[in-house]
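# Examining the three-dimensional arrangement
Next come the chains, spelled out residue by residue.
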Amino acid sequence: RQSDHKKIFTMRAAAAALLPLLSRGFQLSPTSPLARVARSSSKLSMTIIDKPYGEWESPITSKAMTAGSVGLGGVHYCNGDIYWLEGRPQEAGRNVLCKYAPESADKSERNGVDVSPKESNVRTRVHEYGGGAIVFGKNEDEIYYSEFATQRLCHLLKDGTSRPITEEGDTYRFADGVVSDDGEVIYAIREDHTNPEPKNVVNEVVSINVKDGSMKVLATGNDFYSNPRVNGNQLAYITWNHPNMPWDATELRVLTLDSTSNKSSEHELIAGSDGDTSIIQPLFHPETGDLFYISDESGYYNIYRKGSDESILPMKEYDFGGASPGWQFGQQAYTFLNDGRLAAQYSKNGKSVLVVANVSDSSKVASDVVEFGSKDGLPMMFGGVHPGEGDDLYFLGGSPSTASSIYKWNLQSKGEASILACSSELSFDDDLISVPKLVEFPTTLGTAFGYYYAPKNGKYTCTTESAPPLLVKAHGGPTSCTGTSFNAGKQYWTSRGFAILDVDYGGSTGYGRDYRRRLRKSWGIVDIDDVCAGAEYLVKEGLADGDRLCIDGGSAGGYTTLGALAFRDVFKAGTSLYGIGDLTALAGDTHKFESRYLDGLVGQYPEEEDLYKERSPIESVDTLSCPILLLQGVEDKVVPPNQAEMMYNALLKKGIPTCLKLYEGEQHGFRKAENIQDAIDSELAFYGKVFGMDIPEAVELKVDNI
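About the cut-offs
Every chain's residues receive numbers from 1 upward, in the order its sequence appears when written. Since the coordinates come from a predicted model, pLDDT governs what is reported: local features require at least 70, and pairs of side-chain atoms require 80 or more to be given and counted, while whole-chain, interface and lining totals use all residues. Remark: hydrogens and water are excluded; side-chain values derive from all non-hydrogen atoms of the structure. Secondary structure elements are defined from DSSP: runs of H or I of at least 4 residues count as helices, runs of E of at least 2 residues count as strands, and each element is numbered from the N terminus. For this measure, only C-alpha atoms enter the radius of gyration; the expected value for a globule follows 2.2 Å times N^0.38, where N is the number of residues. Buried residues are those whose accessible area, probed at 1.4 Å on protein chains only, stays under 20% of the maximum for their type, while exposed residues exceed 50% and partly exposed ones sit between those limits. Between two residues, a contact is recorded if the distance between any of their heavy atoms is within 4.5 Å. Accessible surface is estimated by sampling points in the Shrake-Rupley manner with a 1.4 Å probe; for residues, cover comes only from the protein chains shown. Two strands pair under a simple rule: DSSP has to find at least two bridges between them. Within this scheme, the nonpolar core is defined by two criteria: the residues are buried Ala, Val, Leu, Ile, Met, Phe, Trp, Tyr or Cys, and they are joined through side-chain atoms within 4.5 Å. Candidate patch residues must exceed 30% relative accessible area and have no salt bridge, after which like charges are joined if within 9 Å and Val, Leu, Ile, Met, Phe, Trp or Tyr side chains if within 5 Å. A pairing counts as a salt bridge when a side-chain nitrogen of Lys or Arg comes within 4 Å of a carboxyl oxygen of Asp or Glu. Lys and Arg are tallied as positive, Asp and Glu as negative. Neither His nor the chain termini are counted. Where a charge lies is defined by one atom per residue type: Lys uses NZ, Arg uses CZ, Asp uses CG and Glu uses CD. Pairing of aromatic rings covers Phe, Tyr and Trp, the last through its six-membered ring, and needs centres within 6.5 Å; plane angles under 30 degrees mean stacked, over 60 mean edge-to-face, and all others mean tilted. To get an axis, a line is fitted to the C-alpha atoms, and for a helix only the part in contact is used. The angle between two axes follows their N-to-C directions and goes from 0 to 180 degrees. Expected helix span is computed as 1.5 Å times (number of residues minus one). Here a polar contact is taken to be a pair of N or O atoms separated by no more than 3.5 Å, where protein atoms must pair a possible hydrogen donor with a possible acceptor and residues adjacent in sequence count only if both atoms sit in side chains.

## Digging into the overall build of the chain
Check the secondary structure of the chain and you find twelve helices and 37 strands. At 26 Å, the chain has a C-alpha radius of gyration in line with the 27 Å of a compact globule built from 706 residues. Projected onto the principal axes, the alpha-carbon positions of the chain cover approximately 80 × 65 × 50 Å. Expressed as a percentage of the 706 residues in the chain, the buried residues total 58%. The contacts of the chain with a sequence gap of at least 6 include a subset with a gap of at least 24, amounting to 59%. Just so you have it, the chain exposes about 29100 Å², and 47% of that area is on carbon and sulfur atoms.

Structure, rendered in structure tokens:
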């Protein structure tokens, strides 16, 4: 302690000595030791303001969140170049294919240049959630993508333009393609909307001639297909039928490309014969031709090789499927390196681990298994590893203080992974960033998990209140999970004096099959129990104010939010973002992919309609007694806007404080910068009105019945 005081005194003295020089215009290099002393002294002399929780001012504004921020994904290495996909809120959510070009005069702040045409939006609507919109061949002449406006598959040309290769019209949608070895054919998933009613939409595996766009159906007869992967004359794919979702029960089948039958029932069944196992992400080994895949038959998503019933890796009680397997196309939680070794990623104690192992021989299990993590220079969280030249690896990653970024890391030299492109220009001092803590708390089925973010802002403290208001977040899905990479949308709250609990309720991914299956027939029970139990646990621990508990969530998380407010008496306010209020309406009015999802989560419809009504918040308005904010996209096909409108009208009629905001041009999830900004600012203003907080620069918000 004595040395600390001495250090502080010395720093202040040094800074004081600098003031005469600075006043005469003397300039310091930002990286010089003297500049660091000046900055440190400034922080030390800063006055700490004592102000109630929730009323702190913060530089993490909604405009700052979107002004220089993009979504990053689809990292790919091709013939010496690194590509990625950017989702740009400032361009109405347009998705752009970019290439790493740090030496280019036209480079962006992320050191990339646009590759897809200026007017294009690289996005597919297969399953509505998309993914797998880009198809890479062996070189830059073989890049194809789905154009959002037309859903046509286009060939990207060297001059920056594109040529559609599939026929005009909005009948077909394409995703998850791979190019044949000779570059003449694309194998992809085709979704046929000739008859657009969900029950009549047809999904198949097809081949597409890149020159004339002619197509041939290779696999048909089942409700869904994904992951077509080719090796010579063999094509592997995943398929499943209603009412299953890809994390419930799927099959891995293989066909020969010269087969005379396109019926899936006549193709070789590799895995999933029991009808109760989820098989995902098949991949052929580039050298041996062995077929690998991920299966949850052991109780966890482990990696297997065709012909063996034993997991290839020894980490048998961890999930290798990725954060939210099955929701989007193009997911691949493992790959093969240039020397043939397997590289896979899993999460352990909230941190990502990279596993590298030899699988080139005929042994049942891998050899020379080595793990790498943050101690080796890798970021706290990462995934989607893609090999480059030699031992270079590229992937998407981040940490609580680093926004999602594209990293490069060398397997041999190790060292700190270098950031090639960052999703956000935001840069804040550490005293503004709340680092999440993994918490495990008791609930009805044992224990559940979540990440607790304490309020944090170096300019403020609060001595007048014993605990902060708590915002509980319920993730979407519901078969999904939360993450811990830097999220300005969470730090927005904590830097203003709110605490956050991001809950991985029962049914979440990443904790094994049994945990994931807790929601079977129990959606609207288990998830609600868990978000309530998490909030009450933090109140008991003195980490949250029991009189200022609020909850929000989007989509399925919006349903959990509305359910918690309707069926429990724990929260005092909530915000539903494109959430589900009426399960019966959702069962009869949603897209094909999720049209039977509720069979497993709730029960068969209409046979068990009474159960649907019992768990629908819209049917329990009489039990609602706290304010609710409803935020909804007008063009949402997953959760139609009539759900929010019905809930709003019911709340109005009962006299409960409420507000409904409808966003034009938005679908399921907000992509436009102005709407992202308005949504979070409106939520803050809403809680300010409900809890009587003096919110600095709060937006105008009309709340009915208040």
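## Quick notes on the pairing of strand 15 (residues 234-240)
In terms of burial, strand 15 is a largely internal element, six of the seven residues being buried. One ladder, built from six bridges, connects strand 14 (residues 224-231) with strand 15; its direction is antiparallel. Residue pairing across strands places Asn 231 opposite Gln 234, the latter belonging to strand 15. Counting the residues that bridge the hairpin from strand 14 to strand 15 gives two residues, and of these Gly 232 lies at a positive phi of roughly 60°. Sheet topology places strand 15 next to strand 16 (residues 251-256); six bridges connect them, and they run antiparallel. Within strand 16, the position partnered with Leu 235 by the bridge is Leu 255.

## Digging into the nonpolar core
Ile 303, Leu 313, Leu 470, Trp 523, Val 531 and Phe 571 are the most contacted members of the largest nonpolar core, which has 93 residues in total. The element best represented in this core is helix 6 (residues 526-540), accounting for seven residues. What Ile 303 contacts, discounting residues up to four positions off in sequence, is Phe 292, Tyr 293, Ile 294, Ser 311, Ile 312, Leu 313, Phe 320, Tyr 334, Leu 342 and Ala 344. Judged by nonpolar contacts, the second largest core, of 33 residues, contains Leu 631, Leu 684, Tyr 687 and Ile 695.

## A word on unusual backbone geometry
At the junction of Gly 477 and Pro 478, the peptide bond is cis and its omega measures out at 5° in the coordinates. Mapped onto the secondary structure, Pro 478 falls in the loop between strand 32 (470-474) and helix 4 (488-494). Residue Tyr 605 is joined to Pro 606 through a cis peptide bond whose omega torsion reads 15°. Mapped onto the fold, Pro 606 is located in the loop between helix 9 (597-601) and helix 10 (609-614). The backbone of Asn 79 sits at a positive phi, close to 50°, despite the residue not being glycine. Tracing the sequence through the fold places Asn 79 in the loop between strand 2 (71-78) and strand 3 (81-88).

## A word on a negative patch on the surface
On the surface, Asp 274, Glu 297, Asp 309 and Glu 310 cluster together into a negatively charged patch. Structurally, Asp 309 can be placed in the loop between strand 20 (302-305) and strand 21 (334-336). In this structure Asp 309 comes out as exposed when scored by relative accessible area, which is 60%.

## Brief notes about the packing of aromatic side chains
What characterises a pair of aromatic rings is the spacing of the ring centres plus the angle enclosed by the ring planes. Tallied over the entire structure, the rule returns 36 aromatic pairs. Seen in terms of ring centroids, Tyr 129 and Phe 593 are 6.3 Å apart; in terms of plane orientation they differ by 70°. Their pairing is edge-to-face. Of the two residues, Tyr 129 is situated in the loop between strand 5 (112-114) and strand 6 (134-136) and Phe 593 in the loop between helix 8 (583-588) and helix 9; the sequence distance between them amounts to 464 residues. Looking at Tyr 129, the relative accessible area reads 22%, which means it is partly exposed.

## So, the sheet that holds strand 23 (residues 351-358)
The strand order 21-22-23-24 describes an open sheet built from four strands, whose pairing is antiparallel. Single-partner strands in this sheet number two, and they are strand 21 and strand 24 (367-372). For this sheet the average axis-to-axis angle between neighbouring strands, irrespective of direction, equals 25°. Of the strand pairs in this sheet, strand 22 (residues 342-348) and strand 23 are connected by seven bridges, and their pairing is antiparallel. The residue bridging Ser 347 from the neighbouring strand is Ser 352, located in strand 23.

## Some remarks on helix 6
Between the first and last C-alpha of helix 6 there are 21 Å, a value that for 15 residues agrees with the 21 Å anticipated at 1.5 Å per step. Taking burial as the measure, the 15 residues of helix 6 include eleven buried ones, the bulk of the element. Contacts from the buried residues of helix 6 go to strand 29 (437-443), strand 30 (446-453), strand 32, strand 33 (499-504), strand 34 (549-554) and helix 7 (556-567).

## Regarding the side chain of Asp 545
Within the element layout of this structure, Asp 545 appears in the loop between helix 6 and strand 34. Engagement of the side chain of Asp 545 in a polar contact is seen with the backbone nitrogen of Asp 547, the distance being 3.0 Å. If we skip the residues at most four places from it in the chain, Asp 545 touches Ala 467, Pro 468, Pro 469 and Val 539.

## Description of the pattern of salt bridges
One pass over the structure, following the stated rule, counts 33 salt bridges. Salt-bridge contacts for Asp 296 lead to Arg 516; the nearest nitrogen and oxygen are separated by 2.6 Å. Highlighted residues: Asp 296 in the loop between strand 19 (291-295) and strand 20 and Arg 516 in helix 5 (residues 513-516), separated in sequence by 220 residues. In this pair, the class of Asp 296 matches that of Arg 516, namely buried. In this structure, Lys 490 engages Asp 502 in a salt bridge whose closest nitrogen and oxygen atoms are separated by 2.5 Å. Placement of Lys 490 in helix 4 and of Asp 502 in strand 33 is noted, with a sequence separation of twelve residues between them. The same class applies to Lys 490 and to Asp 502, which are both buried. A cluster of three or more residues bridged by salt bridges with shared partners is formed by Glu 86, Arg 88, Glu 91, Arg 94, Glu 109, Arg 110 and Asp 114.

## What about the environment of Arg 496?
Positionally, Arg 496 belongs in the loop between helix 4 and strand 33. With a relative accessible area of 9%, Arg 496 lands in the buried category. Residues within four places of Arg 496 in sequence aside, it is in contact with Tyr 53, Gly 54, Glu 55, Trp 56, Ser 58, Ile 60, Thr 61 and Leu 684. Of the polar contacts made by the side chain of Arg 496, one reaches the backbone oxygen of Ile 60; its length is 2.9 Å.

## A few points about the sheet that holds strand 20
Sheet architecture is open: three strands sit in the order 18-19-20, paired in antiparallel fashion. Taken across any chain shown, the strands that pair with only one partner, and hence form the sheet edges, are strand 18 (279-284) and strand 20. If you compare each strand with its neighbour and ignore which way they point, the axes differ by 25° on average.

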